[in-house]
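Analysis of the macromolecular model
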Amino acid sequence: AEYEDNTCDNYDLYFYLSADRKENVLIQLNKDLHMNGKPFNLTKKEEKHKGKWYWAVQYYKPDDTRLINTFGDPDAPGIPVFTTGTLTMSGLPTAIINIKLENGRVKGSDDKEHTLTLSYKGTMKKKK
């Protein structure tokens, strides 16, 4: 697992599922809005706000193509949200982070329904 600090407490979190790092889950979020230990609903776009990232969850297959692309920005109507699912996060990627994505059901780029579940607790390296 690796992270990128994109200033203003906005983060990219990478969870590698293959040794070559092509198969991975990318979660984008804001510390204040999303990393407070409270589950948030992945089936809804967020309320409009400024200066803080909206949540996003993407899954890349082993061939490095994106199968799942979701985004909580209300001004991005063409990018879907999940049909079911919650995401709960606490801690910081710079220390110990605890993440649980539960029952994340969504239609993929292949027009099939997929369920994404992720659980991670530990440290993350800063992405180079």
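Report follows, based on the coordinates. (Residues numbered from 1 in each chain as written. Predicted model: local features only at pLDDT ≥ 70, side-chain atom pairs only at ≥ 80, totals over all residues. Heavy atoms only, no water.)

Observations regarding the packing of aromatic side chains
- If you walk through the whole model with that rule in mind, you get 4 aromatic pairs.
- Seen in terms of ring centroids, Trp55 and Phe82 are 6.3 Å apart; in terms of plane orientation they differ by 35 degrees. Their pairing is tilted. Placement of the pair is Trp55 in the loop between strand S4 (40-41) and strand S5 (56-60) and Phe82 in the loop between strand S6 (66-71) and strand S7 (84-91), with a sequence separation of 27 residues. Across the pair, Phe82 and Trp55 agree in class, each one buried.
- One Lys or Arg, Arg21, reaches over the ring of Tyr16 and ends 4.2 Å from the middle of that ring.
- The residue whose ring lies beneath Lys127 is Tyr14, and the NZ or CZ to ring-centre distance is 4.1 Å. (Phe/Tyr/Trp six-rings, centres within 6.5 Å; stacked < 30°, edge-to-face > 60°. Helix = DSSP H or I, 4+ residues; strand = E, 2+ residues; numbered from the N terminus. Buried < 20%, exposed > 50% of the residue type's maximum accessible area, 1.4 Å probe, protein only. Lys NZ or Arg CZ within 6 Å of the ring centre and 35° of its normal.)

Thoughts on the sheet that holds strand S9 (residues 113-122)
- Spatially, the 4 strands line up as an open sheet ordered S4-S7-S8-S9, and their pairing is antiparallel. Each edge of the sheet is formed by a strand with only one pairing partner; in this case those strands are S4 and S9. (Pairing = 2+ DSSP bridges.)

Comments concerning the pairing of strand S1 (residues 2-5)
- Pairing between S1 and strand S2 (residues 10-16): 4 bridges, direction antiparallel. Within S2, the position partnered with Glu2 by the bridge is Tyr14.

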